[in-house]
Amino acid sequence: MSHAPQSAELAAFSKSISGQSLKPLWERTVSQKPGTPCAPHLWRWADVEPELLRSCELIGTKDAERRVLMLENPEMPGTSFSAQTLFTGLQIILPGEVAAAHRHTPNALRFVVKGEGAYTAVGGERTMMRPGDFIVTPNWAWHDHGNIGTEAVVWMDGLDSAFTKFFGTTFREDYPQDTQPLYRAEGDSLAAFGSALLPLEFHQEGAASPLLVYPYARTRDALAQLQRSSPLHPAHGVKLRYANPANGKHPFPTMAAFMQLLPKGFEGQSSRSTENAVCNVAEGRGAVTIAGKTFHFEPHDIFVVPGWCEVSFAAREESVIFSYSDRAAQEAMGFFREG
Ligand code: 1HN
C-alpha cells in the first residue's frame, strides 16, 4: 500500500515505534478490497468417495469420534476451512456404528449425500437421515449419530466454527454416555414446525431453527411445482432458502441454506455477492464458472463459491443444488452486498 510520501525521518520513526508494538496506519498492507484468500474449488465425488471408504478400513468411530474428511480450501492450508467463514466435512458411518454424543458452541448442519439407515439425535429427538435431507444441529445441543441399517451412510457437515474461532468462543463437552436419552418421539419436530403451524406455547429459544429436519421429498416437490408455474431467476433458476418456520429468518444466526433447481439446458447469467458459499450437487450434471474458472459438476460433487466471485451455472441435465453460506451473519451485520 504505502501511499504516503516516505522520508528518511518517517522510515526511522516507523522503525523506532515497531519495538513498542505500534505501526503507522499509512503503511498498512492488509487488503482494503472485498474478497477473501479462498480459491474457487471443486471436490469430485468420484475422487472423494473411495477415500471415505478407505478411511473406514483404517479407523472406527470409537477412535475417530467422527469419521470426517475435511474439505480444506487449497488456498487456506492449515485452517481446516473450505471457505473464509465455513467448515465443510464429509462424514461416513457404517452399519452398527455410533458417533458418541457431544455438544459444542459451533452450529452444525447436515446435508445427506448417500445411503439410508443412519439417524441423528439432536436435543432429545431422533430423525432418520435420507439423501437430500437438510438437518439442523443448533449450537450447544447434544447430538449423536448411529447407523442401524445395512449400508454405509455419508453426509456433508457444515459448521460455523470459523466464527467461534474468530471470537475465541469454541467450547465443547462430551455426554457421559454414547447416546443421549430421547424425550421426544421421532417426527415430533416435523409435526410441530414443518407444516406452517406452530405449537401454541412455542417461544423461540436460541437462534437456530426448531425444525430438526427439512425432508428432501418436500423441498424437491416445491422446486418442481415452482419450476412449472413461475418464471426462472435469470442467474439462479428456481432458488428457495430454508427458513426458520417460527420467524422466517435463516435457520442459523450465522449460516443460510438454499436449494435450487436448474432446468435442463439452463444457461444462467452471472451474478456476484459477498456471501461465501459451499454447494453440494444433489442431482444432475452441468458446469459452474467461478471467477472465470469452469468446473464440470456431477451428483455429490462439492464446490466453493468464494465471496465477491462472479458465478454462473449451466445445466446439461436438470440439476438440483444444495448450498449453505455465511449470508445470515453478513445480513445481520449489514455487510451483505450483491452486484
Ligand atoms: C462435529 O461435532 C460433527 O457432530 C461433525 O457430526 C463435524 C467438525 C468439527 C467440529 C465438530 C458431528 C465436526 C464436528
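For the structure, see preceding data.
Residues numbered from 1 in each chain as written. Predicted model: local features only at pLDDT ≥ 70, side-chain atom pairs only at ≥ 80, totals over all residues. Heavy atoms only, no water.

A.B. asks: Got a minute to help me understand the overall build of the chain in this structure?
C.D. replies: A tally of helices and strands in the chain yields seven helices and 20 strands. The C-alpha radius of gyration computed for the chain amounts to 22 Å, which stays within 12% of the reference 20 Å derived for 339 residues, consistent with globular compactness. On the principal axes, the C-alpha backbone points of the chain span a range of 75 × 50 × 50 Å. Within the chain, the fraction of its 339 residues that count as buried is 49%. (Helix = DSSP H or I, 4+ residues; strand = E, 2+ residues; numbered from the N terminus. Rg over C-alpha atoms; globule rule 2.2 N^0.38 Å. Buried < 20%, exposed > 50% of the residue type's maximum accessible area, 1.4 Å probe, protein only.)

A.B. asks: Mind showing me how you'd approach the packing of aromatic side chains here?
C.D. replies: For any pair of aromatic rings, geometry is given as the distance between the ring centres together with the angle between the planes. One pass over the structure, following the stated rule, counts 11 aromatic pairs. With a centroid separation of 4.4 Å and 45 degrees between ring planes, the pair formed by Phe 134 and Tyr 242 is classed as tilted. A residue pair is termed long-range when its members are at least 10 positions apart, and Phe 134 in strand E8 (residues 134–137) and Tyr 242 in the loop between strand E13 (238–241) and strand E14 (256–262) qualify at 108 residues. The pair formed by Phe 134 and Tyr 242 is uniform in burial state, with each residue classed as buried. Each ring, one from Tyr 242 and one from Phe 322, has its centre 6.0 Å from the other, and the planes form 55 degrees; the classification is tilted. A residue pair is termed long-range when its members are at least 10 positions apart, and Tyr 242 in the loop between E13 and E14 and Phe 322 in strand E20 (residues 319–325) qualify at 80 residues. The class for Phe 322 is buried, based on a relative accessible area of 0%. Taken together through their ring pairs, the aromatic side chains of Phe 111, Phe 134, Tyr 214, Tyr 242 and Phe 322 make up a single cluster. (Phe/Tyr/Trp six-rings, centres within 6.5 Å; stacked < 30°, edge-to-face > 60°.)

A.B. asks: Would you explain the side chain of Arg 110 in this entry?
C.D. replies: By the element assignment, Arg 110 lies in strand E5 (residues 108–114). Excluding anything up to four places from it in sequence, Arg 110 contacts Met 129, Asp 133, Phe 134, Ile 135, Thr 137, His 143, His 145, Trp 155, Met 156 and Asp 157. (Contact = heavy atoms within 4.5 Å.)

A.B. asks: When you look at the site of the ligand in this model, what are you seeing that I'm missing?
C.D. replies: Every residue lining the ligand is accounted for by Arg 66, Phe 87, Gln 91, His 102, His 104, Arg 110, His 143, His 145, Asp 157 and Leu 159. Separating an oxygen atom of the ligand from a side-chain N or O atom of Arg 66 is a distance of 2.8 Å. His 104 is positioned with one of its side-chain polar atoms (N or O) 2.7 Å from an oxygen atom of the ligand. Here the ligand, which alone exposes 330 Å², has 81% of that area covered by the protein. Listed by contribution, the elements that provide at least two residues to the shell around the ligand are strand E3 (87–93), strand E4 (98–104), strand E9 (143–147) and strand E10 (153–159). (Near = heavy atom within 4 Å. Polar contact = N/O pair within 3.5 Å; in protein donor to acceptor, adjacent residues only side chain to side chain. Areas by Shrake-Rupley, 256 points an atom, 1.4 Å probe, with all protein chains shown as cover.)

A.B. asks: Can you help me understand the sheet that holds strand E7 (residues 125–128) in this one?
C.D. replies: As a general point, the strands of a sheet are linked pairwise by backbone hydrogen bonds and lie either parallel or antiparallel. Across the sheet, which stays open at both edges, the five strands sit in the order E7-E6-E9-E4-E11 with antiparallel pairing between neighbours. Each edge of the open sheet carries a strand with a single partner, namely E7 and strand E11 (172–174). Direction aside, neighbouring strands of the sheet carry axes that sit 25 degrees apart on average. Across five bridges, strand E6 (residues 118–122) lies against E9 in antiparallel orientation. Among the inter-strand pairings, Val 122 is bridged to a residue of E9, identified as His 143. (Pairing = 2+ DSSP bridges. Axes fitted to C-alpha atoms, helices over the stretch in contact; angles between N-to-C directions.)

A.B. asks: It is not clear to me how the pairing of strand E15 (residues 277–283) should be interpreted in this structure. Could you clarify?
C.D. replies: Each regular strand displays side chains that alternate between the two surfaces of the sheet. Judged by how many residues are buried, E15 sits mostly within the fold: six of seven residues are covered. When E15 meets strand E18 (residues 302–305), the two strands line up antiparallel, connected through four bridges. Of the residues in E18, the one forming a bridge with Val 278 is Val 304.

A.B. asks: For this particular structure, what's the right way to read helix H2 (residues 45–58)?
C.D. replies: Compared with an ideal rise of 1.5 Å per residue, which puts 14 residues at 20 Å, H2 spans 20 Å between its outermost C-alpha atoms and is within 8% of the ideal. Within the span of H2, buried status applies to Trp 45, Val 48, Leu 52, Ser 55 and Cys 56. Relative to the axis of H2, the buried residues are bounded by an arc of 105 degrees and lie together on one face. Of the residues in H2, the exposed ones pointing more than 90 degrees away from the buried face are Glu 57 and Leu 58. Tucked inside the fold, the buried residues of H2 contact strand E1 (41–43), strand E2 (68–70), E3, E5 and E10. (Expected span 1.5 Å × (residues − 1). Arc of directions from axis to C-beta.)

A.B. asks: What's the story with the pattern of salt bridges in this structure? I'm lost.
C.D. replies: If charged atoms from side chains of opposite charge come close, those side chains can pair. For the coordinates displayed, the defined rule picks out 15 salt bridges. In this structure, Arg 67 and Glu 97 form a salt bridge, with 2.6 Å as the shortest nitrogen-oxygen distance. Note that Arg 67 is positioned in the loop between helix H3 (61–64) and E2 and Glu 97 in the loop between E3 and E4, a separation of 30 residues in sequence. Given the relative accessible area of 14%, Glu 97 is considered buried. When the shortest N-O distance is used, the salt bridge between Arg 103 and Glu 173 registers 3.0 Å. (Salt bridge = Lys/Arg side-chain N within 4 Å of Asp/Glu carboxyl O.)

A.B. asks: Can you help me understand unusual backbone geometry in this one?
C.D. replies: Trans peptide bonds make up the majority, and among non-glycine residues the majority have a negative phi. Non-glycine residue Ser 80 carries a positive phi angle of around 75 degrees. When you line up the elements, Ser 80 lands in the loop between E2 and E3. Under the relative-accessibility criterion, Ser 80 is labelled buried at 18%. Look at Trp 308: it is not a glycine, yet its phi comes out positive at around 70 degrees.

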